[in-house]
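Structural overview
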Amino acid sequence: MTWPQDWQTNVLFFLRWGHFLAGITWIGLLYFFNLVNVNFMKELDAAVKGKVIPNLMPKALFWFRWGAVFTVLTGLIYYAMLLHTEKIDAKLGIVLVAWIVAWVVVAGLLRMAVAGGPLKDGRILGVVVAVLVVAAAWVVVPIMRDGGSNRTMAIAVGGGLGLMMFMNVWMIIWPLQKKIIAAVRATAETGAPAPPDQPKWARRAFLASRMNTWLSVPMLFFMGAASHFPIFSTLTL
Amino acid sequence: MGGRKAALLFEGICLTWPGDWQTSALFLLRWAHLISGVAWLGMLLAFLLMVEATLPRVNEGARRQVEAHLLSRLLFWMRWSALATVFAGIADYVLLLSAEGIAPRIFVFLAAWLFGWAVVASLLWLSASGKALADGRWLGAVVVLFLAVLGWSGEIYMRRGGSHKTISLSLGGGLALLMFANTWFFLTPDRAESRLGLLAARLNACLTPVVLFLMGSASHFPLFR
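Residues numbered from 1 in each chain as written. Chains lettered and ligands numbered in written order. Predicted model: local features only at pLDDT ≥ 70, side-chain atom pairs only at ≥ 80, totals over all residues.

1. A few points about the overall build of chain A
Along chain A, the regular secondary structure elements total six helices and zero strands. By principal-axis analysis of the C-alpha atoms, chain A measures approximately 65 × 50 × 25 Å. Every one of the 237 residues in chain A was classed for burial, and the buried ones make up 40%. At a minimum sequence separation of 6, the contacts of chain A that also span at least 24 residues come to 79%. (Helix = DSSP H or I, 4+ residues; strand = E, 2+ residues; numbered from the N terminus. Buried ≥ 20, exposed ≤ 12 C-beta atoms within 10 Å, placed from the backbone. Contact = placed C-beta atoms within 7 Å.)

2. Some details on the nonpolar core
Note that soluble globular proteins tend to have their nonpolar side chains buried in a common cluster. Of all hydrophobic cores here, the largest spans 133 residues; its most connected members are Leu29 and Met164 of chain A together with Met43, Ala46, Leu74 and Met78 of chain B. For this core, the leading source of residues is helix 5 (residues 150–190) of chain A, giving 16 residues. Each residue touching Leu74 of chain B, except ones within four places of it in the same chain, is listed here: Phe32 and Val36 of chain A together with Met43, Ala46 and Phe47 of chain B. (Core = buried A, V, L, I, M, F, W, Y, C linked by C-beta atoms within 7 Å.)

3. Re the confidence of the model for chain A
If pLDDT is low for a region, its predicted coordinates should not be looked at in detail. The pLDDT averaged across chain A works out to 93; a share of 98% of its residues lies at or above 70. The secondary-structure element of chain A with the lowest mean pLDDT is helix 2 (residues 46–85) of chain A, recorded at 91, while helix 3 (residues 91–115) of chain A shows the highest, at 97. (pLDDT = per-residue confidence, 0-100.)

4. Concerning the environment of Arg185 of chain A
Looking at where Arg185 of chain A falls in the secondary structure, it is placed in helix 5. Since 15 C-beta atoms lie within 10 Å of it, Arg185 of chain A is described here as partly exposed.

5. Regarding the interface of chain A and chain B
Counting residues at the interface gives 47 residues for chain A, matched by 48 residues for chain B. Elements with a contribution of two residues or more to the side of chain A that touches chain B: helix 1 (7–43), helix 2, helix 4 (122–145) and helix 6 (198–228) of chain A. A per-element tally of the side of chain A that touches chain B places helix 1 of chain A first, with 18 residues. Counted by class, the side of chain A that touches chain B contains 32 nonpolar, nine polar and six charged residues. (Nonpolar A, V, L, I, M, F, W, Y, C, P; charged D, E, K, R; others polar.)

6. A short note on helix 3 of chain A
Residue and element names in this part refer to chain A. Along its 25 residues, helix 3 runs 37 Å from first to last C-alpha, staying within 8% of the 36 Å computed at 1.5 Å per residue. Of all the positions in helix 3, only Val95, Trp99, Ala102, Trp103, Val106, Leu110, Ala113 and Val114 are classed as buried. Looking at the buried positions of helix 3, the neighbouring elements they touch are helix 4, helix 5 and helix 6. Two residues or fewer past helix 3, Gly116 is found with a positive phi of approximately 125°. (Expected span 1.5 Å × (residues − 1).)

7. Some thoughts on the packing of helix 1 of chain A against helix 3 (residues 60–99) of chain B
Here helix 1 of chain A crosses helix 3 of chain B at 155°, and the two axes come no closer than 9 Å. By the angle class used here, helix 1 of chain A and helix 3 of chain B are roughly antiparallel. Both helix 1 of chain A and helix 3 of chain B take part in a crossing whose hand is right-handed. Within the contact between the two elements, helix 1 of chain A uses Phe32, Leu35, Val36, Asn39, Phe40 and Glu43 of chain A and helix 3 of chain B uses His69, Leu70, Arg73, Leu74 and Trp77 of chain B. Considering only residue class, the contact of helix 1 of chain A with helix 3 of chain B consists of seven nonpolar, two polar and two charged. (Axes fitted to C-alpha atoms, helices over the stretch in contact; angles between N-to-C directions. Parallel < 35°, antiparallel > 145°, perpendicular 65-115°, else oblique. Left-handed = near helix turned anticlockwise from the far one by under 90°.)

8. A few points about helix 2 of chain A
Taking 1.5 Å of rise per residue, the 40 residues of helix 2 of chain A would be expected to cover 58 Å, and the 56 Å separating its terminal C-alpha atoms lies within 8% of that figure. Where helix 2 of chain A bends most, the angle comes to about 35°, and this point is Val52 of chain A, followed within four residues by the proline Pro54 of chain A. (Bend = angle between axes of the 7 residues up to and from the residue.)

Right, here's the structure in full:
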């Protein structure tokens, strides 16, 4: 066994390892919420819900949201280092802005979906979000192509999807879950009636969570493709 | 006009699917391996949070509902995503081994780690039934020592003819195989909440960082040779 000696290989690999572990914590719990918990909550008596939600959800959500922070932080540092070796550091800002703009649109769509109209149908919302995400990738990839490699282009897409998912967690899912947990606890402890908006909070949090589950599939594709699948040609036409 | 526009869009994004079937097969297997692996380990973490932090704090009625509706579903996804992960992983590993001309070693690999699991399972059983190593710390120390010896022998065996990549995967994949057997034998609905099930789940959680280190190092950290 020989430990690689240069510091850059070490730093990059330890960032990657942390990124794996935190990413599994985050997305693994996301799968738990979507594949197991959503159905479980439908089958539960209200009285049992009052016991289980305040006991289970805060802990699972703690690992979930801090896993997301650690995943994104390690990923961003790693990506900045890669861009630096390709001498295109400044493109980090463009990628971030493009995906943040895309997310702002998505967040607006989620609000519209809860208010009613055609987006109320989850399938239509899904198609609109898919079109939007492809469009964002279409903007980002040509910008990266100028000077970027397959690796940095693939991460501009996969990492961008991850960034959107991160904002869904911290700007939508977690703030709404806090309100839901407090309301369920209040109902269980003092018998206070559920706030009239509670179903809307639950619906919007659910939509963001379900969106993240779907986005995780292409996200992992592009993350893996960065090192293992040369899908973006760097030939100049 | 329409054709010209399409060409421009295509030039902009410049997407090319790699042509040879082996690159595609390896990568699609890897993708499935990633997704199902994330699901497996996420379910493991959710399981531990549930049985260690939530179930002790709820009453008997709530506990029964959690077991019937949540735990059984969680364990279902954990078992089957573990199977998908291992299946895709072994297929990928066989492709890699045959590229290095040492495909038959897959059988040695499987036999060695299933033997390793049998030893670890016996240790877990001894500890859970209170016959020996009842203290979890002693159990952990013995398991770590045993796995280190097994891994060391595996590394010496693979060094002859294997690349850094296949050596690293023989260790990470071997530990993952052991976790898989733990999942299928001990994390079943009737055993998961027993002492044996809890020990198996905790062992899997402790092995996870090691497995991921070795999995990642296969392509990104030349540790062996």
